[in-house]
Amino acid sequence: MNPEQAHKPDTVLPDVVMPKCPHRNLLHGQKALVTGANSGIGRSVALHLAREGADVAVNYAFDDASAQAVVAEIKANGGHAIAIKADVSQEEQVQAMFAQMRQEFGTIDILVNNAGLQSDAPFHEMTLAQWNKVINVNLTGQFLCAREAIREFKRRGVVKEISCAAGKIISMSSVHEIIPWSGHVNYAASKGGVMLMNKSLAQEVAPYRIRVNSVCPGAIRTPINRDAWETPEAYADLMKLIPYNRIGEPEDISRAVVWLASDDSDYANGISLFIDGGMTLYPGFAEGG
Ligand code: BGC
């Protein structure tokens, strides 16, 4: 192979197996709630928080069996978990979920505001129901859960044996908090809203030693974007948007969430952490401009 060939990027790389991280029990004694934790990124986040020693409430809106499977997997690995059913867009259900969490775990140290969905349509065909559903779950749902968590963080304050912070909120945002997305206007609007909700909230609660940060995934291999990676043609198309030339795996995101939940990131507050293989690097400019 001549050197030029050696440096030519492949179009489709084989699945990459990430090296295993040693577990450091970084979240020992902490109580975490992960919304939408019965599948995709949320499931992986719940498993990773538990592996780092947190007790985890696995929230889900439907499909009891999938939530119970996550709980069972955590328990099989020696962790502690419960499943709590609640639609995050419904105020009463969110309040009941936090009450149950407090009853079972005593308090909350980490909220991962993960539940989210897409309901795509060309703008002129988008129904009000589609608009409302996405805004209600992705944005209002994060507000409702964050508000309950903030109330508890403020009530309890810092317990220094547990964490330097009085509480941590990690929101699942998206590259689409800054990348416009034609055909997905409701989704992009919800994530743009999440960005300024979180930064404003971080500013407001920082004096209480509460940290609020976002993780902004690019294309991650989950059911939400199956169409974008399932066939070789779709995958090759997707790679045009990802300089690093591989799709993300849920674990890529979970590792970032663990860091943001732990005291290792104590000085990070109000950030949007893009985990996207370079999707936000304007890949079109690699050869254009
Ligand atoms: C969306 C995915 C999409 C990715 C990159 C995510 O926020 O949910 O469907 O593949 O952004 O465009």
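Within each chain, residue numbers correspond to sequence positions counted from 1 in written order. For a predicted model such as this one, the threshold for reporting local features is a pLDDT of at least 70, and the threshold for listing and counting side-chain atom pairs is 80 or more; totals across whole chains, interfaces and linings nevertheless cover every residue. Side-chain measures were taken over the full set of non-hydrogen atoms in the model, leaving aside hydrogen atoms and water.

K.L.:
Would you explain the pairing of strand β1 (residues 31–34) in this entry?
P.N.:
Regular strands place their side chains on alternate faces of the sheet. A two-sided burial pattern is seen for β1, the buried positions comprising Lys31 and Leu33 on one face and Ala32 and Val34 on the other. Note on pairing: two strands pair once DSSP finds at least 2 bridges between them. Put simply, DSSP marks the helices as runs of H or I at least four residues long and the strands as runs of E at least two long, and each gets a number from the N terminus on. As judged from the 4 bridges shared by β1 and strand β2 (residues 55–60), these two strands associate in the parallel manner. Paired with Ala32 across the bridge in β2 is Val56. In this structure, β1 lies alongside strand β4 (residues 110–113), joined through 3 bridges in parallel fashion. Paired with Leu33 across the strands is Leu111, a residue of β4. Summary of the burial criterion: residues with accessible area below 20% of their type's maximum are buried, those above 50% are exposed, and those between are partly exposed, where the area comes from a 1.4 Å probe applied to protein chains only.

K.L.:
Help me out: how do you make sense of the site of the ligand in this one?
P.N.:
Note on terminology: near, applied to a residue and a molecule or strand, indicates that one of the residue's heavy atoms is within 4 Å of it. If you check the shell around the ligand, you find Gln118, Ser174, His176, Trp181, Tyr187, Gly218, Ala219, Ile224, Asn225 and Met279 and nothing else. A distance of 2.6 Å separates an oxygen atom of the ligand from a polar side-chain atom of Gln118. Whenever a nitrogen or oxygen atom comes within 3.5 Å of another N or O atom, the pair is scored as a polar contact, on the condition that within protein one atom can donate a hydrogen and the other can accept it, and that pairs from neighbouring residues in sequence are kept only if both atoms are in side chains. Between the ligand and the protein, one listed contact pairs an oxygen atom with a side-chain N or O atom of Tyr187 at 2.6 Å. Protein chains shield 89% of the accessible area of the ligand, which is 310 Å² for the free molecule. The Shrake-Rupley method, run with a 1.4 Å probe sphere, supplies the accessible areas, and residue values consider only the shown protein chains as cover.

K.L.:
How should helix α8 (residues 250–261) be read in this particular structure?
P.N.:
Think of an α-helix as turning once every 3.6 residues; residues three or four places apart then point the same way. Over its 12 residues, α8 runs 16 Å from end to end, which matches the ideal 16 Å to within 8%, given 1.5 Å per residue. Within α8, 9 of the 12 residues are buried, which leaves it mostly tucked inside the rest of the structure. Where α8 is concerned, the buried positions are Pro250, Asp252, Ile253, Ser254, Ala256, Val257, Val258, Leu260 and Ala261. Considering only its buried residues, α8 is in contact with α2 (40–51), β4, β5 (167–172), β6 (210–217) and β7 (272–275). Helix span is expected to be 1.5 Å times the residue number reduced by one. Contacts were defined at the residue level, with two residues in contact if any of their heavy atoms lie within 4.5 Å.

K.L.:
What should I look at first to understand the packing of aromatic side chains in this one?
P.N.:
Stacked, tilted and edge-to-face are the three classes applied to pairs of Phe, Tyr and Trp rings, where Trp contributes its six-membered ring and a pair requires centres within 6.5 Å; stacked means planes under 30 degrees apart, edge-to-face means over 60, and tilted covers the rest. As enumerated under the stated definition, the model contains 2 aromatic pairs in all. With a centroid separation of 5.7 Å and an interplanar angle of 70°, the aromatic rings of Trp181 and Tyr187 are classed as edge-to-face. By relative accessible area, Trp181 is classed as partly exposed at 28%. Ring centres of Tyr282 and Phe285 lie 6.2 Å apart, and the angle between their planes is 85°; this geometry places the pair in the edge-to-face category. Owing to a relative accessible area of 57%, Phe285 belongs among the exposed residues under this scheme. Between the NZ or CZ atom of Lys31 and the centre of the ring of Phe105, over which it lies, the distance is 6.0 Å. Two limits define a charge over a ring: the Lys NZ or Arg CZ must be within 6 Å of the ring centre, and within 35 degrees of the ring normal. Sitting over the ring of Trp229, Arg221 keeps its end group 5.7 Å from the ring centre.

K.L.:
Would you mind showing me how to read helix α6 (residues 185–205) here?
P.N.:
Between its first and last C-alpha, α6 extends 30 Å over 21 residues, near the 30 Å set by a 1.5 Å rise per residue. Inspection of α6 places Asn186, Tyr187, Ala188, Ser190, Lys191, Val194, Met195, Asn198, Leu201, Ala202 and Val205 among the buried residues, and these make up the whole buried set. Looking at the buried side of α6, the elements it contacts are α5 (128–156), β5, β6 and β7.

K.L.:
Sorry if this is basic, but what is going on with the pattern of salt bridges here?
P.N.:
Side chains bearing opposite charge may pair, as long as their charged atoms lie close to each other. The salt bridge definition used is simple: a Lys or Arg side-chain nitrogen within 4 Å of an Asp or Glu carboxyl oxygen. Taken as a whole, this structure holds 17 salt bridges when the rule is applied. When the shortest N-O distance is used, the salt bridge between Asp109 and Arg156 registers 3.5 Å. Of this pair, Asp109 sits in the loop between α4 (91–105) and β4 while Arg156 sits in helix α5, and the two are 47 residues apart along the sequence. As a salt-bridge pair, Glu161 and Lys160 come within 3.6 Å of each other at their nearest N and O atoms.

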